[in-house]
Amino acid sequence: RLADGLRALVPDLLLATDIICGFPAESEQDHEESLAMVRKYKFPVLNISQFYPRPGTAAAKMKRLPGHVAKQRSTEVTQAFDSYETNSHLLGREERVWFSDTEVKHGQTVGHTKGYVKVVVPREDSLLGKSKIVKVKATSKWHLEGEVIRD
């Protein structure tokens, strides 16, 4: 309900989450509900990990699920994440981008939208520390590619 309410108020909100697969108390139903949540919200940022018992925690004392179960569940969540596109709705849009970094290897200046979507443009160091309007020319699972069009 919280995610639905936030998205209703801020439609382009970037929702991110972590999913720990194979937590000792995780039932098959819990896992299915996690998969359904991934499919429903299509999280652009999803950190997937398998349970690891951190010493000194209550969970470390719990009976662990078999390793193959945790691995299979992790694979299923990864497949769900890989099955959808996260940024295609932004193609062609004009977005304000705040520039903060340079990717020397790729010759790009890096920034983020208000919703924290990563945007890359051809390298122009004078953009660092500034915000500009960028026309989105291409999208991928991980970032947007654009062209600065105005202040």
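In short, a report on the structure.

A positive phi angle is found at lysine 42, which is not glycine, with a value near 45 degrees. Among the secondary structure elements, lysine 42 is positioned in the loop between helix H2 (28-41) and strand S2 (45-50). By relative accessible area, lysine 42 is classed as partly exposed at 41%. The phi torsion at tyrosine 116 lies on the positive side, around 70 degrees, for a residue other than glycine. On the secondary structure map, tyrosine 116 appears in the loop between strand S4 (108-113) and strand S5 (118-122). The class for tyrosine 116 is exposed, based on a relative accessible area of 55%.

Considering the arrangement of structural elements, one finds glutamine 108 in strand S4. As for glutamine 108 and aspartate 125, which are separated by 17 residues in sequence, their C-alpha atoms are 9.0 Å apart. If we ignore the near neighbours within four places in the chain, the residues touching glutamine 108 are Asp101, Thr102, Glu103, Val120, Val121, Pro122 and Arg123.

Turning next to the pairing of strand S3 (residues 94-103). Where S3 and strand S6 (residues 131-139) come together, five bridges link them in antiparallel fashion. Bridge pairing links tryptophan 98 to serine 131 in S6. Of the pairings in the sheet, the one linking S3 to S4 comprises six bridges and is antiparallel in character. Its bridge partner being in S4, glutamate 103 is matched across the sheet by glutamine 108.

With that settled, consider the pattern of salt bridges. Close approach of charged atoms lets side chains of opposite charge pair. Taken as a whole and judged by the stated rule, the model has nine salt bridges. Note that arginine 93 and glutamate 95 form a salt bridge whose closest N and O atoms lie 2.7 Å from each other. Residue classification places arginine 93 among the partly exposed residues on the basis of a relative accessible area of 28%. Accessibility expressed as a relative area gives 15% for glutamate 95, which makes it buried. The residue glutamate 147 makes a salt bridge to lysine 137 at a minimum N-O spacing of 3.3 Å. With glutamate 147 in strand S7 (residues 144-150) and lysine 137 in strand S6, this pair connects stretches of sequence that are 10 residues apart.

Bringing the pairing of S4 into the picture now. The buried fraction of S4 amounts to six of the six residues, a majority that puts the element mostly inside the structure. From the end of S3 to the start of S4, which pair antiparallel, there are four residues, and glycine 107 there has a positive phi angle of about 65 degrees. Sheet topology note: the S4/S5 ladder contains five bridges and is antiparallel. Looking at the pairing, valine 110 lines up with valine 120 of S5.

It is worth spelling out H2 at this point. Here H2 contains 14 residues, and its C-alpha end-to-end distance of 20 Å stays within 8% of the 20 Å for a straight helix at 1.5 Å per residue. Those residues of H2 lying buried are His31, Ser34, Leu35, Val38 and Tyr41. Looking down the long axis of H2, one finds its buried residues gathered within 150 degrees of arc, a one-sided arrangement. Turned more than 90 degrees from where H2 packs its buried face, Gln29 and Lys40 sit exposed. On its buried side, H2 packs onto helix H1 (2-9), strand S1 (16-21), S2 and helix H3 (67-82).

Definitions and cut-offs
Residues numbered from 1 in each chain as written. Predicted model: local features only at pLDDT ≥ 70, side-chain atom pairs only at ≥ 80, totals over all residues. Heavy atoms only, no water. Helix = DSSP H or I, 4+ residues; strand = E, 2+ residues; numbered from the N terminus. Buried < 20%, exposed > 50% of the residue type's maximum accessible area, 1.4 Å probe, protein only. Contact = heavy atoms within 4.5 Å. Pairing = 2+ DSSP bridges. Salt bridge = Lys/Arg side-chain N within 4 Å of Asp/Glu carboxyl O. Expected span 1.5 Å × (residues − 1). Arc of directions from axis to C-beta.

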